[in-house]
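Observations on chain architecture
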Amino acid sequence: MVTVLDNSQREILQHVFRYRLTTAEIVAVCAKLAPETVAAAESLLEALVANQWLQTARLTPHDPARRFYYLTPRAAAELGQDEIVAKEPSREMRIESYAIARFCCCSKPFRELFTKEEFIAKFASIWYPGQPVRYYLEPDGAGEVRLAFLKVDKGGPSRWDRVIESCQRFLSKRTTRSNPQYHGQVDAFRELVDTGRFQISLLTSLAEKREAIKQALDVLETSGQTRPPIVPYVVEGLFEVIRPKA
């Protein structure tokens, strides 16, 4: 058993910790990792499995060839993390983590999900315990960045209205002064929203649903209502994970 990790192996483990899982396809195109082919990525990942740094399971129930990788308790300890990060992700978490990893690592520009520690260090003014940490920085095309929250739509082609309502509830919860203990954080977050420095990146599996969401947001804006800062994206391969073939 290999007991010492080289730099590339440690980077892969840190990548898996950041996104909670990965696949050979994701590792092969991730800008921060070394492999340039799926075969090379799979070889590296399987070597980490053989040395008990990673464990593997099916990404979809009926396709043994589609696999994902997640940390072992040994790897969690090596990275200084709690053993809970080595627990096999539930189906729901598997879908969400896969979507986020694909979106961040496999699209251009490259994005990087914040770890909880990174987010607290950079955005202490809006942090409070109990909130999900699915944030990253989204380039705005003018050399600036916006703070963005990742939301994964796991539904089918219909009910786009429910997805928008869910995003609006997220915004309302973080911009309404309900708990006096966190008024400062709420005010700081609301300022980001009001000044156009925040967006919800809504990850969906279908181009048709993305277009329906965009059209619904356009209608809100043209009717004189405030357009919520929701930006829908399509994640390639997500539909097959959400709705695998039997």
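Before going into details, it helps to say that this report is about the structure given with it.

What counts as what
Residues numbered from 1 in each chain as written. Predicted model: local features only at pLDDT ≥ 70, side-chain atom pairs only at ≥ 80, totals over all residues. Heavy atoms only, no water. Helix = DSSP H or I, 4+ residues; strand = E, 2+ residues; numbered from the N terminus. Expected span 1.5 Å × (residues − 1). Buried < 20%, exposed > 50% of the residue type's maximum accessible area, 1.4 Å probe, protein only. Arc of directions from axis to C-beta. Contact = heavy atoms within 4.5 Å. Core = buried A, V, L, I, M, F, W, Y, C linked by side-chain atoms within 4.5 Å. Salt bridge = Lys/Arg side-chain N within 4 Å of Asp/Glu carboxyl O. Pairing = 2+ DSSP bridges. Axes fitted to C-alpha atoms, helices over the stretch in contact; angles between N-to-C directions.

1. Here we look at helix H3 (residues 38-50)
Helix length check: H3, at 13 residues, gives a terminal C-alpha distance of 18 Å against a target of 18 Å (1.5 Å per residue), a fit within 8%. Residues Ala-41, Leu-45 and Leu-48 constitute the buried set of H3. Summarising the axial view, the buried residues of H3 lie within an arc of 55 degrees, below the 170-degree limit, and thus occupy one face. More than 90 degrees from the buried face of H3, the exposed residues found are Ala-39 and Ala-50. Contact partners of the buried residues in H3: helix H1 (7-19), helix H2 (24-29), strand S1 (54-58) and strand S2 (67-71).

2. As for the environment of Ser-43
Along the chain, Ser-43 turns up in helix H3. Judged by its relative accessible area of 48%, Ser-43 falls in the partly exposed class. Measuring from C-alpha to C-alpha, the distance between Ser-43 and Lys-154 comes to 31 Å, with 111 residues separating the pair along the chain.

3. Regarding unusual backbone geometry
Note that the residue after Lys-108, namely Pro-109, is joined by a cis bond; omega there is 0 degrees. Tracing the backbone shows Pro-109 in the loop between helix H5 (91-106) and helix H6 (116-122). One non-glycine residue with positive phi stands out, namely Arg-20, at about 75 degrees. Structurally, Arg-20 is set in the loop between H1 and H2. The class for Arg-20 is partly exposed, based on a relative accessible area of 31%. A positive phi angle, close to 65 degrees, is found at Gln-52, a residue other than glycine.

4. Regarding the nonpolar core
Within the largest apolar cluster, 48 residues are counted, with the highest numbers of intra-cluster contacts made by Leu-13, Leu-71 and Leu-203. With eight residues, the single largest contributor to this core is H5. When neighbours within four sequence positions are excluded, Leu-71 is seen to be in contact with Leu-13, Val-16, Phe-17, Trp-53, Leu-54, Gln-55, Leu-79, Val-85 and Ala-86. One finds Phe-119, Leu-171, Ala-188 and Ile-230 within the second-largest nonpolar core, a separate group that totals 24 residues.

5. Describing the pattern of salt bridges
This structure, assessed with the given rule, holds 16 salt bridges. Across the salt bridge formed by Arg-227 and Glu-221, the nearest N and O atoms sit 3.0 Å from each other. Through salt bridges with shared partners, a single ionic network connects Glu-92, Glu-96, Arg-134 and Lys-154.

6. Here we look at the sheet that holds strand S3 (residues 135-139)
Strand order in the open sheet made by the four strands is S3-S4-S5-S6, with mixed pairing throughout. Two strands close off the open sheet at either side, each with one partner strand: S3 and strand S6 (230-234). Neighbour-to-neighbour, the strand axes of the sheet open up by a mean angle of 40 degrees, direction not taken into account. Looking at chain direction, strand S5 (residues 198-204) and S6 are connected through five bridges and run parallel.

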